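Residues per chain are reported as follows:
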Amino acid sequence: MSAPLLDVDNVSVTFNVTRQGAWPWTPPGKLQAVKDATIALEPGKTLGLVGESGSGKSTLARAIVGTVHASAGRVLWRGEDLRAMSPARQRAHGRHVQMIFQDPLAALNPRMTVGQVVAEPLTTHYPDLSKSEVRERVGKMMERVGLLPALVNRYPHEFSGGQCQRIGIARALITEPELVVCDEPVSALDVSVQAQVVNLLQDLQRERGLSLLFIAHDLSVVRHISHKIAVMYLGRIVESAAAADLIANPRHPYTRALIASVPIPSPKAERARHRPVLEGELPSPLAPPSGCVFRTRCPIVRPACAERVPPVEHVGPDHVVACPYHGQDAEAQSSTA
Amino acid sequence: MLATKAIADDLAGAAPIKGRSLWADARARFFRNKAAVAGLFVLVCVAAFALFGPLIATWNYEDIDWTVLGNVAEAGRPSLENGHWFGTDALGRDLFARTAQGTQVSLMVGIVGALISVIVGTFYGAVAGYFGGRIDGVMMRVVDVLMSIPYMFVLILLLVVFGRSMLMLFIGIGLVSWLDMARIARGQTLTLRNKEFVEAAVATGVGPFTIIRRHIVPNLLGVVIVYATLLVPSMIIYESFISFLGLGVQEPLTSWGALINDGAAEMNNGTLWMLLVPLFFFVITLFGFFFVGDGLRDALDPKDR
Ligand SMILES: Nc1ncnc2c1ncn2[C@@H]1O[C@H](COP(=O)(O)OP(=O)(O)OP(=O)(O)O)[C@@H](O)[C@H]1O
Ligand code: SF4
Ligand SMILES: [Mg+2]
């Protein structure tokens, strides 16, 4: 196994939120968006990060690219702590890690031409490049992501969602980063376009040996393209494993519910299947449940779950799960079907 | 659709295609708005009058026509024969030349005030909004404090203490004009700061002042321009009010406010033109700016995009 490119070590992110109508001197509420998240990413591999809306996926991604500060824990890039870097060094680090966003149009400055958008990281990190060189590299990059280089002088609002996402990909890849954080890059796109964009990302990964952190709110895309998958719930990583292992042997009840919610292409198998649908809603991250955060919706919850935070347990090579009762229910659950 | 069009464009000519910027869109929308175009036309005419009026006037704005003095109500009427097209003022000075000169002063005051507010206010507000936190708190409290001072009082005090001069007038107006703009720019910046394109720039490692210049200010400019066009008339009104109090520009220089003041003083002597001429220019200019401002707001309205 190669050395990790990125090591996210017990990272927590807390936001201060002032409630509306509160006195100016009342202390702000603490919102735990991410709590004790640990993930590692190897060069050239894809890590899928899955969890429902509000589970803190984007916040973890932001902590990795450095746009929010981790309140605890460390983000290590090739062993170097991001937070220990000087601001200038952190900005220079931006060359290695780039991000692709969920809303393709909102991620592009409406007042800049596409050429300017794509060139920005390049001119930021390589200010000495000549104009013609920048133009040439932008043209090449546009071509690579499937856009006509002649469109450089157009503005983002003249493009479709899929094209905007390609522009975002071109911008992310122009400095030849080693890691690209894709925050739900396809959830805002039509299904047919989704496949094109995912294929493009995979091709680029193969070509350039990129690492991808691929965020999604369900497993449908992630399971096919990831080497490893981490499942997140209310700021915690509840289970992570190699992709095939996680799909075949899900241990955490939340992972099982996620897998069950992905439709199976064959209608017969679909009907025959037991689908434990999750009930209820995600609790507020301002007041998370005591003990296991999943206990308000867990199908196999027991009284002890409210008492302590379940420890992270290694259940196989590279397979960790945060639920002490993960092994005891598989039969029980399928027999009730 | 776009892709096929793009391909067609590409086949037609290999040269890069010119994009339709949001500015170009806004310009097209603006010129479709009849009231705004009419307002713009009026403003252009007024500006031309201010620039070229003194050149075509047959009289100088400070020379007294001794032939009409003493009988202004009769001999000083607007007439084509004696060259006083707009009549004369109570001292027998040509009102056409004086109005043209007053227009210069009033427009200048309005435009300088608006420019100061655009440059200082936008930058100040963008910096406060972008950095947020304590910097924002301190910067905006400064604005609050300055705003709570009755600026008209300060302006009058300045003019009384340092003497009446154009420079003092500009300083006084410049001191207050940027405050509102700073608040508006800050409010807009707070929303822009959370946009993903700003986050993308931060993540890439673009420096904070480059982000403000490249990503924040261009996206503020729509609101700022609209507000600035509405600010010009209010600056003109301030100046007129000051002049109306007799504290504005110094004789023989004049401004709309001073002219209106003089005209109003002579209202009972049957020389109504002395009031109506400057009032006419004053009113059409204000309307011109309001129509243009309205048109710009509609043209630049983000909801329309
Ligand atoms: N800047 C912030 N200030 C305060 N709270 C925040 C901030 N950013 C995110 N949060 C909160 O943190 C929690 C996690 O948000 P996050 O955006 O990371 O979720 P997510 O998993 O990306 O969801 P989605 O799928 O909707 O994008 C949410 O409850 C959100 O309200
Ligand atoms: S610890 Fe308890 S509540 Fe949490 S997932 Fe396991 S069984 Fe469910
Ligand atoms: Mg998100």
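Computed from a predicted model, the values in this text were never measured in an experiment.

### Remarks on the site of ligand 1
Residues and elements named next belong to chain A.
Step number 1: In the neighbourhood of ligand 1, 15 residues make up the surrounding shell, with Ser53, Gly54, Ser58, Thr59 and Glu184 lying closest.
Step number 2: Taking serine 55, its main chain carries an N or O atom lying 3.2 Å from an oxygen atom of ligand 1.
Step number 3: Residue threonine 59 places a side-chain N or O atom 2.5 Å away from an oxygen atom belonging to ligand 1.
Step number 4: Burial of ligand 1 by the surrounding chains reaches 67%, relative to a free accessible area of 630 Å².
Step number 5: Mapped by element, the contributors of at least two residues to the shell around ligand 1 are β1 (6-17), β2 (29-41) and α1 (57-65).
Step number 6: Here the element with the most residues in the shell around ligand 1 is α1; it accounts for three residues.
Step number 7: Broken down by class, the residue content of the shell around ligand 1 amounts to five nonpolar, seven polar and three charged.

### Here we look at the environment of A:Ser130
Step number 1: Tracing the backbone through its elements, the reader meets A:Ser130 in the loop between α3 (114-125) and α4 (131-144).
Step number 2: Between the C-alpha atoms of A:Ser130 and A:Leu82, which are 48 residues apart in sequence, the distance is 31 Å.

### Some points on the nonpolar core
Residue and element names in this part refer to chain A.
Step number 1: Counting 64 residues, the largest nonpolar core has Ile169 and Phe214 as the members making the most contacts within it.
Step number 2: Dropping the residues within four chain positions of it, phenylalanine 214 is found in contact with Thr46, Leu47, Gly48, Leu49, Cys182, Pro185, Val186, Val198, Leu201, Val221, Val222 and Ile225.
Step number 3: If you look at the next biggest cluster of nonpolar residues, it comprises 35 residues, including Ala63, Val65, Ala107 and Ile237.

### A short note on helix α9 (residues 196-204) of chain B
Residue and element names in this part refer to chain B.
Step number 1: Within α9, eight of the nine residues are buried, leaving the element largely enclosed by the surrounding structure.
Step number 2: Every buried residue of α9 is listed here: Glu196, Phe197, Val198, Glu199, Ala200, Ala201, Ala203 and Thr204.
Step number 3: A positive backbone phi angle near 105° is found at glycine 205, which sits one or two residues after α9.

### Here's the deal with the site of ligand 2
Step number 1: As a matter of local geometry, ligand 2 sits amid A:His252, A:Pro253, A:Cys292, A:Phe294, A:Arg295, A:Cys298, A:Ile300, A:Cys305, A:Cys323, A:Pro324 and A:Tyr325.
Step number 2: Looking at side-chain class alone, the shell around ligand 2 contains nine nonpolar, one polar and one charged residues.

### So, the sheet that holds strand β5 (residues 80-81) of chain A
All names here are of chain A.
Step number 1: Read across the open sheet, the four strands follow the order β2-β1-β4-β5; overall the sheet is antiparallel. The two strands at the open ends of the sheet, each matched to only one other strand, are β2 and β5.
Step number 2: Pairing of strand β4 (residues 72-77) with β5 involves two bridges; the strand directions are antiparallel. The residue bridging leucine 76 from the neighbouring strand is aspartate 81, located in β5.
Step number 3: Of the strands in this sheet, β1, β2 and β4 touch α1, which is tilted by about 115° from β1.

### Focus on a nonpolar patch on the surface
Residues and elements named next belong to chain B.
Step number 1: Together, Met267, Leu272, Leu276, Leu279, Val283, Phe287 and Phe291 make up an exposed nonpolar region whose accessible area comes to about 590 Å².
Step number 2: With respect to the helices and strands, leucine 279 occurs in helix α12 (residues 273-300).
Step number 3: When its relative accessible area of 31% is taken as the criterion, leucine 279 is described as partly exposed.

### A closer look at the packing of aromatic side chains
Step number 1: Tallying each qualifying case throughout the model produces 12 aromatic pairs over all chains.
Step number 2: When the ring of B:Phe49 is compared with that of B:Phe96, the centres are 5.3 Å apart and the planes differ by 85°; the resulting orientation is edge-to-face. On the criterion of sequence distance, the pair formed by B:Phe49 in helix α3 (residues 34-56) and B:Phe96 in helix α5 (residues 95-131) is long-range, its members being 47 residues apart. Each of the two residues, B:Phe49 as well as B:Phe96, counts as buried.
Step number 3: Here the aromatic rings of B:Tyr124 and B:Trp178 are separated by 5.0 Å at their centres, their planes lie at 65°, and the arrangement is edge-to-face. Of the two residues, B:Tyr124 is situated in helix α5 and B:Trp178 in helix α8 (residues 166-193); the sequence distance between them amounts to 54 residues.
Step number 4: Among the residues examined, B:Tyr124 registers a relative accessible area of 17% and is labelled buried.
Step number 5: Of the residues examined, B:Trp178 reaches a relative accessible area of 11% and is grouped as buried.
Step number 6: An aromatic cluster of three or more residues is present, and its members are B:Phe49, B:Phe96, B:Phe280 and B:Phe281.
Step number 7: Note that A:Arg111 overlies the ring of B:Trp23, its terminal NZ or CZ placed 4.1 Å from the centroid.
Step number 8: A cation over an aromatic ring shows up here: A:Arg302 above the ring of A:Tyr325, its NZ or CZ 4.3 Å from the ring centre.

Parameters and conventions
- Sequence order as written defines residue numbering, which begins from 1 separately in each chain.
- Each chain is given a letter, starting from A, and each ligand a number, starting from 1, according to the order in which they appear as written.
- For this predicted model, a pLDDT threshold of at least 70 governs which residues receive local features, and a threshold of 80 or more governs which side-chain atom pairs are given and counted, while totals over whole chains, interfaces and linings are taken from all residues.
- Only hydrogens and water are set aside; all other atoms, that is, all heavy atoms of the structure, feed into the side-chain values.
- We call a residue near a molecule or strand when any one of its heavy atoms sits within 4 Å of it.
- By the criterion applied in these results, polar contacts are pairs of N or O atoms within 3.5 Å in which, for protein atoms, one can donate a hydrogen and the other can accept it, and in which residues neighboring in sequence qualify only through two side-chain atoms.
- Working definition of accessibility: Shrake-Rupley area with a 1.4 Å probe, residue cover restricted to the visible protein chains.
- A helix here means a DSSP run of H or I that spans at least four residues, while a strand means a run of E at least two residues long, and both kinds are numbered starting from the N terminus.
- Asp, Glu, Lys and Arg are counted as charged, while Ala, Val, Leu, Ile, Met, Phe, Trp, Tyr, Cys and Pro are counted as nonpolar; the rest, among them Gly, fall into the polar class.
- We call a set of buried residues a nonpolar core when its members are Ala, Val, Leu, Ile, Met, Phe, Trp, Tyr or Cys and they connect through side-chain atoms within 4.5 Å of each other.
- Whether a residue is buried, partly exposed or exposed follows from its accessible area with a 1.4 Å probe, protein chains only, as a fraction of its type maximum: under 20%, in between, or over 50%, in that order.
- Whether two residues touch is decided by their heavy atoms; if any such pair falls within 4.5 Å, the residues are in contact.
- The criterion for strand pairing is that DSSP finds at least two bridges linking the strands in question.
- To define axes, lines are fitted to C-alpha atoms, for helices over the stretch in contact only, and angles between the resulting N-to-C directions are given on a 0 to 180 degree scale.
- Each patch groups residues whose relative accessible area exceeds 30% and which form no salt bridge, using 9 Å between like charges and 5 Å between nonpolar side chains of Val, Leu, Ile, Met, Phe, Trp and Tyr.
- Criterion for a salt bridge: a side-chain nitrogen of Lys or Arg within 4 Å of a carboxyl oxygen of Asp or Glu.
- Classification of ring pairs rests on two measures: the distance between centres of Phe, Tyr or Trp rings, Trp counted by its six-membered ring, which must be within 6.5 Å, and the angle between planes, read as stacked under 30 degrees, edge-to-face over 60 and tilted in between.
- A positively charged side chain is recorded as over a ring if its NZ (Lys) or CZ (Arg) lies within 6 Å of the ring centre. The angle to the ring normal must also be within 35 degrees.

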